[in-house]
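# Structural overview for review
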Number of protein chains: 2
Amino acid sequence: MQDASRIIQTAHEMADAARHAILPLFRSTDLVADNKRPADFDPVTQADRAAELAMREVLARLRPDDAILGEEYGSTAGTSGLTWILDPIDGTRAFISGATSWGVLIGLSDGQDVIYGMIDQPYTGERFEGGLGRAQLAGPHGTRDLQVRRDVPLERATLMTTFPEVGTTAEGASFRRVAAKAQLTRYGLDCYAYGLLALGQIDLVIEAGLQSYDIAGPLAVVQAAGGIVTDWQGGPAAQGGQVIAAATPELHRAAMALLAG
Amino acid sequence: MQDASRIIQTAHEMADAARHAILPLFRSTDLVADNKRPADFDPVTQADRAAELAMREVLARLRPDDAILGEEYGSTAGTSGLTWILDPIDGTRAFISGATSWGVLIGLSDGQDVIYGMIDQPYTGERFEGGLGRAQLAGPHGTRDLQVRRDVPLERATLMTTFPEVGTTAEGASFRRVAAKAQLTRYGLDCYAYGLLALGQIDLVIEAGLQSYDIAGPLAVVQAAGGIVTDWQGGPAAQGGQVIAAATPELHRAAMALLAG
């Protein structure tokens, strides 16, 4: 793509703007967690909204012809064929708890595939990115190539998901069939889990009930690191729903078989 | 205590030495996770051992009369009446997964109470400390006083624990009675959860099956921030076992009543 470097530069400006909007509110006593869906407590904060507005301002200035799909402010039409998919804070529950597993998610779709993505953690200063020739983590400890690890069988694998119940009762039961075979299962990592998979630290992430903006950025990062991201049936994952991200084809196959029952 | 400043300086030197020993191994492909107890996968790594040796070396140099109790190398007698209680890496499962909720734990007991403690996160650079007149978090975003938050009733509280099963089947059932009343329950934070409690970000941490070295440092940090740390019956928590840490007396009482059934 001829303007890959301009796209990447735009994404970094967007992530910088989101950091600037969010960090003063993280762990602030001023933060007010509204309650978007009282039934299951999905807090949305000023920080989410401020960060998405800040990213949209960068796009309006640098790439006004691209479309936008954002968690907080919905769809904005474009003419370029490219769509930026934004989750200003993935993991608002972690955010309002002061934990650092939340992230700013940026994905770029060409209408067919997610061709570039970013997972940014403003507090730790870690920025995972993948696509358009890039696969790297940059942060306070330097820059490192992203590469999934190989040759870990399921019985030695580390599996992550965000909520122990995973999704519906049936989805939870499917997940537990995989967890029962894995060596280690960890919870509560939100989007950061996909970064750890891309870094070669863990082997599988399995989630359910995702939205497209939850997975677009992570999908591009994991794929750029050599991993596989699909839905639980092996189809495209970019629309969200049930998602499995695996380091290798072998793990992907083994986990999908267990998910299917 | 007359030598409070020397004690604090020693603890910081110990934590610095542990960081130096651990960081080259964190997220390293050279890390080999041994398996101390194959039945339930309790990995111990070179990093744990190197970090405890590094902290013991500081004590041998600066405070040779103090006793030591460390997770990896056991007890060393002393003559001063003070005992350093060390967990070189609390949260080795998080560590070998690349997550950042693990920490170096340092506690100092005068034989009666834990009078000072530290939770250090080498990768994020965050250092929580409490006791001997201190209650602070120092890190890349500056230094901040630790203070638990007040006036949050249980139905608006955030609760954390490390493993969803918590401990035994009965302990898990007790925990879930509290979780059912809390607004938000999060898993997988290890010792970092006590830091978030001391920071006023969450309200309760409830765990079971702890060792003394798992809780000594966190206990001092939470108490210095104004919180309460006991066992599930309201007795001393410094020996580990079932531990509840609460921001306020009201939350402590409400959670203890639910734990008791």
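Residues numbered from 1 in each chain as written. Chains lettered and ligands numbered in written order. Predicted model: local features only at pLDDT ≥ 70, side-chain atom pairs only at ≥ 80, totals over all residues. Heavy atoms only, no water.

Scanning chain A for helices and strands turns up seven helices and 15 strands. Taken over C-alpha atoms, the radius of gyration comes to 17 Å for chain A, in line with the 18 Å a tight globule of 261 residues would show. Once the C-alpha set of chain A is aligned to its principal axes, its extents read approximately 50 × 45 × 35 Å. Burial statistics for chain A: of 261 residues in total, 62% are counted as buried. For chain A, the share of sequence-separated contacts (at least 6 apart) that also reach a separation of at least 24 residues comes to 60%. Summed over all atoms, the accessible surface of chain A reaches about 9900 Å², with 49% contributed by carbon and sulfur. Separation between the mean location of the 21 positive side-chain charges and that of the 32 negative ones in chain A comes to 5 Å. (Helix = DSSP H or I, 4+ residues; strand = E, 2+ residues; numbered from the N terminus. Rg over C-alpha atoms; globule rule 2.2 N^0.38 Å. Buried < 20%, exposed > 50% of the residue type's maximum accessible area, 1.4 Å probe, protein only. Contact = heavy atoms within 4.5 Å. Areas by Shrake-Rupley, 256 points an atom, 1.4 Å probe, with all protein chains shown as cover. Lys, Arg positive; Asp, Glu negative; His and termini not counted. Charge placed at Lys NZ, Arg CZ, Asp CG, Glu CD.)

All names here are of chain A. Relative orientation of the contacting elements helix H1 (residues 4-22) and helix H2 (residues 46-62) amounts to 150°, with a least axis distance of 8 Å. When the interaxial angle is binned, H1 and H2 end up roughly antiparallel. Considering the relative orientation of H1 and H2, their crossing is right-handed. For the pair H1 and H2, contact is made by Thr10, Glu13, Met14, Ala17, Ala18, Ala21 and Ile22 and by Ala47, Ala50, Ala51, Ala54, Met55, Val58, Leu59, Arg61 and Leu62, respectively. Across the contact of H1 with H2, the residue classes tally to 13 nonpolar, one polar and two charged. (Axes fitted to C-alpha atoms, helices over the stretch in contact; angles between N-to-C directions. Parallel < 35°, antiparallel > 145°, perpendicular 65-115°, else oblique. Left-handed = near helix turned anticlockwise from the far one by under 90°. Nonpolar A, V, L, I, M, F, W, Y, C, P; charged D, E, K, R; others polar.)

Right, let's talk about the sheet that holds strand E8 (residues 126-131) of chain B for a bit. All names here are of chain B. Strands sit in the order E4-E3-E5-E6-E7-E8-E9-E10 across an open sheet of eight strands; the sheet is mixed. At either margin of the open sheet sits one strand with a lone partner, and together these are strand E4 (74-76) and strand E10 (142-145). In this sheet, adjacent strand axes meet at a mean angle of 15° when their direction is disregarded. Against the sheet, helix H2 (residues 46-62) engages strand E3 (67-70), E4, strand E5 (83-90) and strand E6 (103-109), with an angle of about 155° to E5. The strands touched by helix H6 (residues 212-224) are E3, E5, E6, strand E7 (114-121), E8 and strand E9 (134-139); relative to E7, the strand with the most contacts, the crossing angle is about 100°. (Pairing = 2+ DSSP bridges.)

Right, let's get into the interface of chain A and chain B. The interface is formed by 35 residues belonging to chain A together with 35 residues belonging to chain B. Here chain A and chain B share an interface that buries about 2800 Å² over both sides, 54% of which is from carbon and sulfur atoms. Its largest share of buried area at the contact with chain B, chain A owes to A:Arg27, A:Ser97 and A:Arg186, together 24% of the area lost on that side. At the surface where chain A touches chain B, the tally comes to four salt bridges. Where chain A packs against chain B, one counts 16 residue pairs in polar contact (both at pLDDT 80 or more). Secondary-structure elements contributing two or more residues to the side of chain A that touches chain B are helix H3 (92-96), strand E11 (158-161), strand E12 (184-187) and helix H5 (192-198) of chain A. Looking at the side of chain A that touches chain B, its residues break down into 18 nonpolar, eleven polar and six charged. (Buried area = accessible area lost by both parts, 1.4 Å probe. Salt bridge = Lys/Arg side-chain N within 4 Å of Asp/Glu carboxyl O. Polar contact = N/O pair within 3.5 Å; in protein donor to acceptor, adjacent residues only side chain to side chain.)

Another point: the relation of the copies chain A and chain B. Between chain A and chain B, which share one sequence, the superposing operator has a rotation angle of 180° and an axial displacement of 0.0 Å; the RMSD is 0.0 Å. Put plainly, the chains are arranged around a two-fold axis. Both copies present the same face, since 100% of the interface residues in chain A are matched by interface residues at the equivalent positions in chain B. (Least-squares fit on C-alpha atoms with pLDDT ≥ 70 in both.)

Moving on, we get to the packing of helix H4 (residues 169-181) of chain A against helix H7 (residues 249-260) of chain A. Working note: a packed helix pair is described by the angle between its axes plus the distance between those axes. Residues and elements named next belong to chain A. It is the contact of H4 with H7, at a shortest axis distance of 7 Å, that shows an interaxial angle of 135°. The orientation of H4 relative to H7 falls into the category oblique. Remark: the crossing between H4 and H7 carries right-handed chirality. Residues Ser174, Phe175, Arg177, Val178 and Lys181 of H4 form the contact with H7, whose participating residues are Ala255, Leu258, Leu259 and Ala260. Per-class residue counts for the contact of H4 with H7 are six nonpolar, one polar and two charged.

Within the structure shown, the criterion is met by twelve aromatic pairs over all chains. Considering the side-chain rings of A:Phe95 and A:Trp102, the 4.8 Å spacing of their centres and the 80° angle between planes classify their relative orientation as edge-to-face. Relative to B:Tyr192, the ring of B:Phe128 lies with its centre 5.9 Å away and its plane at 90°, an arrangement referred to as edge-to-face. Taken as a pair, B:Phe128 in strand E8 and B:Tyr192 in helix H5 (residues 192-198) lie far apart in primary sequence, 64 residues in all. Overall, the relative accessible area of 3% leaves B:Tyr192 in the buried class. The rings of A:Phe26, A:Phe95, A:Trp102 and A:Tyr123 are connected pair by pair, giving a single aromatic cluster. Lying over the aromatic face of A:Tyr123, A:Arg27 brings its terminal NZ or CZ to 4.5 Å of the ring centre. (Phe/Tyr/Trp six-rings, centres within 6.5 Å; stacked < 30°, edge-to-face > 60°. Lys NZ or Arg CZ within 6 Å of the ring centre and 35° of its normal.)

With that settled, consider the side chain of A:Thr230. All names here are of chain A. Positionally, Thr230 belongs in strand E14 (residues 228-231). With a relative accessible area of 9%, Thr230 lands in the buried category. Among residues more than four places away in sequence, those in contact with Thr230 are Gly235, Ala237, Gln242, Val243, Ile244, His252 and Met256.

Next up on the list: the domain arrangement of chain A. Residues and elements named next belong to chain A. Segmentation of chain A into domains returns domain 1 (4-145) and domain 2 (154-259). A straight line from the C-alpha centre of domain 1 to that of domain 2 covers 21 Å. Between domain 1 and domain 2 the total buried area reaches about 1900 Å² when both faces are included, carbon and sulfur atoms providing 70% of it. Applying the counting rule to domain 1 against domain 2 returns zero salt bridges. Applying the counting rule to domain 1 against domain 2 returns four residue pairs in polar contact (both at pLDDT 80 or more). Elements that contribute at least two residues to the side of domain 1 that touches domain 2 include exactly strand E5 (83-90), H3, strand E6 (103-109), strand E7 (114-121), strand E8 (126-131) and strand E9 (134-139). Residue contributions to the side of domain 1 that touches domain 2 peak at six residues, all from E7. Residue classes in the side of domain 1 that touches domain 2 are distributed as 14 nonpolar, nine polar and eight charged. (Domains from an automatic or database assignment.)

Residues and elements named next belong to chain B. Along the chain, the position of Glu207 falls in strand E13 (residues 204-210). At 2.8 Å, the side chain of Glu207 forms a polar contact with the side chain of Thr162. Engagement of the side chain of Glu207 in a polar contact is seen with the side chain of Tyr194, the distance being 2.7 Å. The residues touching Glu207, leaving out its near neighbours within four places in the chain, are Thr161, Thr162, Val166, Tyr194, Trp232, Gly241, Gln242 and Val243.

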